[in-house]
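Examining the three-dimensional arrangement
As a plain string of letters, each chain reads:
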Amino acid sequence: MIEICMVPWSDHPPGSANRSHAISRRDIPLWRIWGLTAALKIIISIVTISFAAVSPALARTFTDAGGRTVELPDKISSVLPAGPPASVLVYVLAPDKLVGWSREPSEREKQFLLPAARSLPTFGRLTGQGNTATMEAVIAARPDVIIDIGTVNPTFIALADMVQAKTGIPYILIDGSLEKTPESLRQVGELLGVPDRAGELADYAEATFRTLRHGLSRIPEANRPRVYYGRGPEGLETGLGGSINLEVLEAVGANNVAAALGKGGLANVSVPQVAAWNPDVILAATPRFARIAKRERSWAEIAAVRYGKVYATPTLPFGWFDAPPGINRLIGIRWLEALFYPTVFQGDLRADVATFFKRFYQVDLTEVQLDDLLKDAVPRH
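How each quantity is defined
- Residues numbered from 1 in each chain as written.
- Predicted model: local features only at pLDDT ≥ 70, side-chain atom pairs only at ≥ 80, totals over all residues.
- Heavy atoms only, no water.
- Pairing = 2+ DSSP bridges.
- Helix = DSSP H or I, 4+ residues; strand = E, 2+ residues; numbered from the N terminus.
- Axes fitted to C-alpha atoms, helices over the stretch in contact; angles between N-to-C directions.
- Contact = heavy atoms within 4.5 Å.
- Phe/Tyr/Trp six-rings, centres within 6.5 Å; stacked < 30°, edge-to-face > 60°.
- Buried < 20%, exposed > 50% of the residue type's maximum accessible area, 1.4 Å probe, protein only.
- Right-handed = clockwise from strand over helix to strand, strands pointing away.
- Parallel < 35°, antiparallel > 145°, perpendicular 65-115°, else oblique.
- Nonpolar A, V, L, I, M, F, W, Y, C, P; charged D, E, K, R; others polar.
- Arc of directions from axis to C-beta.
- Polar contact = N/O pair within 3.5 Å; in protein donor to acceptor, adjacent residues only side chain to side chain.

1. Remarks on the sheet that holds strand E3 (residues 79-81)
Overall, parallel pairing links the 3 strands, which are arranged E3-E4-E5 in an open sheet. Across the chains shown, the open sheet's two edge strands, defined by having one partner strand only, are E3 and strand E5 (171-175). Sheet twist, expressed as the mean angle between neighbouring strand axes with direction ignored, is 30 degrees. Two elements, E3 and strand E4 (residues 145-150), share 3 bridges in a ladder whose sense is parallel. Looking across to E4, one finds that Pro81 is bridged to Ile147. Strand contacts of helix H2 (residues 84-93): E3 and E4, with the helix running at about 110 degrees to E4, the strand carrying the most contacts.

2. Considerations on the packing of aromatic side chains
Under the defined criterion, the tally for this structure stands at 17 aromatic pairs. Seen from their ring centres, Tyr228 and Trp277 are 6.4 Å apart, and the 35 degrees between their planes marks the pair as tilted. With Tyr228 in strand E6 (residues 226-230) and Trp277 in helix H10 (residues 271-277), the pair connects residues that are 49 residues apart, well separated along the chain. Since its relative accessible area comes to 0%, Tyr228 is described here as buried. Centroid distance Phe356 to Phe357: 6.3 Å. Interplanar angle 70 degrees. Geometry classified as edge-to-face.

3. Focus on the pairing of E4
The buried fraction of E4 amounts to 6 of the 6 residues, a majority that puts the element mostly inside the structure. Of the two faces of E4, both are covered, the one formed by Val145, Ile147 and Ile149 as well as the one formed by Ile146, Asp148 and Gly150. The sheet contact formed by E4 and E5 spans 5 bridges and is parallel. Paired with Ile147 across the strands is Ile172, a residue of E5. Tracing the backbone out of E4, into helix H6 (residues 154-167) and back to the parallel element E5 gives a crossover that is right-handed.

4. Some thoughts on the packing of helix H14 (residues 349-361) against helix H15 (residues 367-374)
Geometry of a packed helix pair, given as the angle between the helix axes and the separation of the axes. Interhelical geometry of H14 versus H15 gives an angle of 105 degrees and a closest axis separation of 11 Å. The pairing of H14 with H15 is recorded here as roughly perpendicular in orientation. In this structure, H14 contributes Leu349, Arg350, Val353, Ala354 and Phe357 to the contact, and H15 contributes Glu367, Leu370, Asp371, Leu373 and Leu374. Its residues assigned to classes, the contact of H14 with H15 comprises 7 nonpolar, no polar and 3 charged.

5. Structural notes on helix H11 (residues 287-295)
Considered for burial, the residues of H11 that qualify are Phe289, Ala290, Ile292 and Ala293. Across the axial projection of H11, the buried residues extend over an arc of 160 degrees, all falling on one side. Exposed positions of H11 whose direction lies more than 90 degrees from the buried face are Pro287 and Arg295.

6. Focus: the sheet that holds strand E10 (residues 281-284)
Strand order in the open sheet formed by 4 strands is E8-E6-E10-E11, and the pairing between neighbours is parallel. Two strands in the sheet have a free side with no partner beyond their single neighbour: strand E8 (255-256) and strand E11 (310-312). Against the sheet, helix H13 (residues 330-340) makes contact with E6, E10 and E11, and its axis sits at roughly 150 degrees relative to E10, the strand it touches most.

7. Notes on unusual backbone geometry
In this model, Leu316 is joined to Pro317 through a cis peptide bond whose omega is -15 degrees. For Pro317, the location among the structural elements is in the loop between E11 and H13. With a phi angle near 60 degrees, Gln362 is a residue other than glycine that sits in the positive phi range. As for its position among the elements, Gln362 is in the loop between H14 and H15. With a phi close to 65 degrees, Asp376 is a non-glycine residue in the positive phi region.

8. Section: the side chain of Asp64
Locating Asp64 in the fold gives a position in the loop between strand E1 (59-63) and strand E2 (69-73). Here Arg68 takes part through its side chain, which lies 2.6 Å from a polar atom of the side chain of Asp64. At 3.0 Å, the side chain of Asp64 forms a polar contact with the backbone nitrogen of Leu173. When sequence neighbours within four positions are dropped, the list of residues in contact with Asp64 reads Val70, Tyr171, Ile172 and Leu173.

Okay, here's the thing in structure tokens:
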């Protein structure tokens, strides 16, 4: 801090009898005026530079999905995602602002990402199951803001307040529900200074939902499949009615057989229970479960198995159905339209996938990569 003291200027030497003499500008020799002016200019410049160096950037107030008022920097250059859905959204909108991943991408996933994003550090997750990020790592990353996208409830609001208090880093919550995808794209895009890109992607999302609603209006309830979605290596974890993990299934008008157990999040079930539901289609979150359902005798009498309708959900570079439940699910809508209702939605799925990857992930797919992405996810002809 610089202090400026105003000292009386006199032509008389110290101790002079005229030390109380009133000084006017005209009493000072011209060369001393010039010297004083130059000195003041230098001091003012130093003060200005000093304050610029220590003063924070202009701030703006943002009200997040939890109703929390958060002060954000006027310009955001770096973002730490609190969990996988936020990682995907920030990567899609502004990959240059992503400071790192909440989960390290696998080698197979990296081939579908921009080269610069493949080697970003992994900080772990602040939210959800298996929290692994530490406050020390978050602080060391020095992001301008932490973004969390997903369910917004008192638990996550309290977590956001706690992390923000401990780190001093602004922490905002964004509603991650599937229907809010266009809104979340535009909202975060505006915050990150990329409104044009966000608007383009939000328009794509809105067009996807319009096409879906129009097609579903032509499909009677009786013609919509009853589906079991199996998570985990054995396929015996699933989502109940209203689960964020099953949002895509409900959005495309299919019937979640596990909704018979009520509403909630995830639940463990048994093979006899799935057999009693007798789903028309089985969606396997892992290739291992897809193989089990197709080959093991305990699954053999289920309609989906008998009629060859067991499909593995695509997962590269992010899950198309779940894992994470983020904007990556938009391409899952196109996939399930083609899978469940091929006579109504008669688009070109391969072309849709290539367009989505180019627009959202900024990568051009080869025919071999398309084959890899859709392997075991569509009927074999």
